[in-house]
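Structural description and commentary
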Amino acid sequence: VSREVNLLSLSFLFIFFGYNSVQNFITPFFSESGTTNVGFQILIVIFLFFLLGGPLSAIFVSRFGAKKSMVTASILYSIFIASLLSQNLPLVYLTSALVGLAAAFLWTGQNSYLIVASNEKSFGASSGYFNTYLSLASAIGVLLLGFLASRFSFSVPFALYSIFPIIGTLLLLKLPDIGRIQESNQLKLIAKSITSISALRISAFYFAFSFIFGLIISIIPIDIKNTLSIAYAGGLLFIFWIMPIFLSYFFGKVSDIKGRWFMIVASYIVGVLGLASMYFSINA
């Protein structure tokens, strides 16, 4: 794994130690004040603006480079977490929209940078290495936040966790600007992507797993809180996040050998089994 991929992975570890942990507790956080629907609405706003920001992020990354896109976007993650503490709903909805846009810029930049910084024969291994760092951050983050939330109010850990994306931003600034993917007509590229059968097939796969992820960060934490208690949320969400720590790099290398199609089919089978098991979630 190249030095650039290693530093990129470390940067995202700090950003998502803070953000992913808080995101997993948004619905329980608002349920404590009897406004669970607000938690769901915030997540909808985030993912809606993530969707709308995709085309804009593609243009920005191609024109200004992946590094500038990621640095600019990462700043908003701390602002969003801090806004939750205010309990000012107009402000929270505004920062939710902004962090959704930021996510589009951050992940488009990350995908572009990872490709440029990796050897063509090791895309899967580099991606698996990156996901290992990301999952490690999320696993430790949700476990610790669940522990803190069961002993203090949410305000204490949320304030603490808002600092970590700033550390990630400082690390992103140390990344070398190693190039960009050029395209003379960005609008033409976007139109081509929308009408591409291959792009639509890949997008359908991504949509399916994003939908599952939406269930995990919204419904499942509420189910855990209602079935057991908030004290169990961190530990059970930790199980979800810890699996990729051990498996991402290995399966990334397998995808380099076996091919992407094999991995997609296998992941769908496991995903369906996971969703089927939710049927029994009312039983502690």
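Our subject in this report is the structure included herewith. Because the structure is predicted, anything quoted here is derived from the model rather than measured.

The rules we used
- For every chain, the first residue of the written sequence is number 1, and numbering continues from 1 along that sequence.
- pLDDT decides what is reported in this predicted model: residues at 70 or higher carry local features, side-chain atom pairs at 80 or more are listed and counted, and totals for whole chains, interfaces and linings draw on all residues regardless.
- Each side-chain value is derived from all of the structure's non-hydrogen atoms; neither hydrogens nor water enter the calculation.
- Think of it this way: any DSSP run of H or I at least four residues long counts as a helix, any run of E at least two long counts as a strand, and we number them from the N terminus.
- Restricting the calculation to C-alpha atoms gives the radius of gyration, and the globule rule supplies 2.2 Å times the number of residues raised to the power 0.38.
- Burial classes follow relative accessibility: with a 1.4 Å probe on protein chains only, a residue under 20% of its type's maximum area counts as buried, one over 50% as exposed, and anything between as partly exposed.
- Residue contacts follow a heavy-atom distance rule, with two residues in contact if any of their heavy atoms lie within 4.5 Å.
- Here the Shrake-Rupley method, with its probe set to 1.4 Å, supplies the accessible areas, and only the displayed protein chains count as covering residues.
- Under the convention used here, Asp and Glu are negative, Lys and Arg are positive, and both His and the chain ends fall outside the count.
- Working definition for charges: the position is that of NZ of Lys, CZ of Arg, CG of Asp or CD of Glu.
- The angle between two axes is taken between their N-to-C directions and runs from 0 to 180 degrees, where each axis is a line fitted to C-alpha atoms and a helix contributes only its stretch in contact.
- Under this scheme an angle from 65 to 115 degrees is roughly perpendicular, one under 35 degrees roughly parallel, and one over 145 degrees roughly antiparallel; angles in between are oblique.
- For a crossing to be left-handed, the near helix must be turned anticlockwise from the far one by less than a right angle; the clockwise case is right-handed.
- Side-chain classes are defined by residue name, with Ala, Val, Leu, Ile, Met, Phe, Trp, Tyr, Cys and Pro counting as nonpolar, Asp, Glu, Lys and Arg as charged, and the others, Gly among them, as polar.
- Just to be clear on terms, a salt bridge is a Lys or Arg side-chain nitrogen sitting within 4 Å of an Asp or Glu carboxyl oxygen.

**Structural notes on the overall build of the chain**
Within the chain, the secondary structure is distributed over twelve helices and zero strands. Written out in order from the N terminus, the α and β elements of the chain read α-α-α-α-α-α-α-α-α-α-α-α. In terms of overall size, the chain behaves like a compact globule, its C-alpha atoms giving a radius of gyration of 19 Å where 284 residues would be expected to give roughly 19 Å. Dimensions of the chain, computed from the C-alpha atoms along their principal axes, are close to 50 × 40 × 35 Å. The buried share among the 284 residues of the chain stands at 42%. Counted over contacts in the chain with a minimum sequence separation of 6, partners at least 24 positions apart contribute 84%. Entry remark: accessible area of the chain is about 14600 Å², with carbon and sulfur atoms responsible for 72%. Of note, the chain has its 15 positive side-chain charges centred 4 Å away from the centre of its 7 negative side-chain charges.

**Quick notes on the packing of helix α3 (residues 36–64) against helix α5 (residues 89–117)**
Between α3 and α5, the shortest axis-to-axis distance is 6 Å and the interhelical angle comes to 40 degrees. The angle between the axes of α3 and α5 places the two elements in the oblique class. Crossing handedness for the pair α3 and α5: right-handed. When grouped by side-chain class, the residues that make up the contact of α3 with α5 number 20 nonpolar, nine polar and no charged.

**Comments concerning the pattern of salt bridges**
It is possible for side chains of opposite charge to pair when their charged atoms get near one another. A full pass over the atoms with the stated rule returns one salt bridge. Arg260 is paired through a salt bridge with Asp256; the nearest N and O atoms lie 3.1 Å apart. A relative accessible area of 26% means that Asp256 is categorised as partly exposed.

**Some remarks on unusual backbone geometry**
Unusually for a residue other than glycine, Gln87 sits at a positive phi of about 60 degrees. Accessibility expressed as a relative area gives 43% for Gln87, which makes it partly exposed.

**Some thoughts on the environment of Ser127**
Relative to the assigned elements, Ser127 resides in helix α6 (residues 123–151). Overall, Ser127 belongs to the partly exposed group, its relative accessible area being 29%.

These results come straight from atomic positions and should not be treated as a statement about function.
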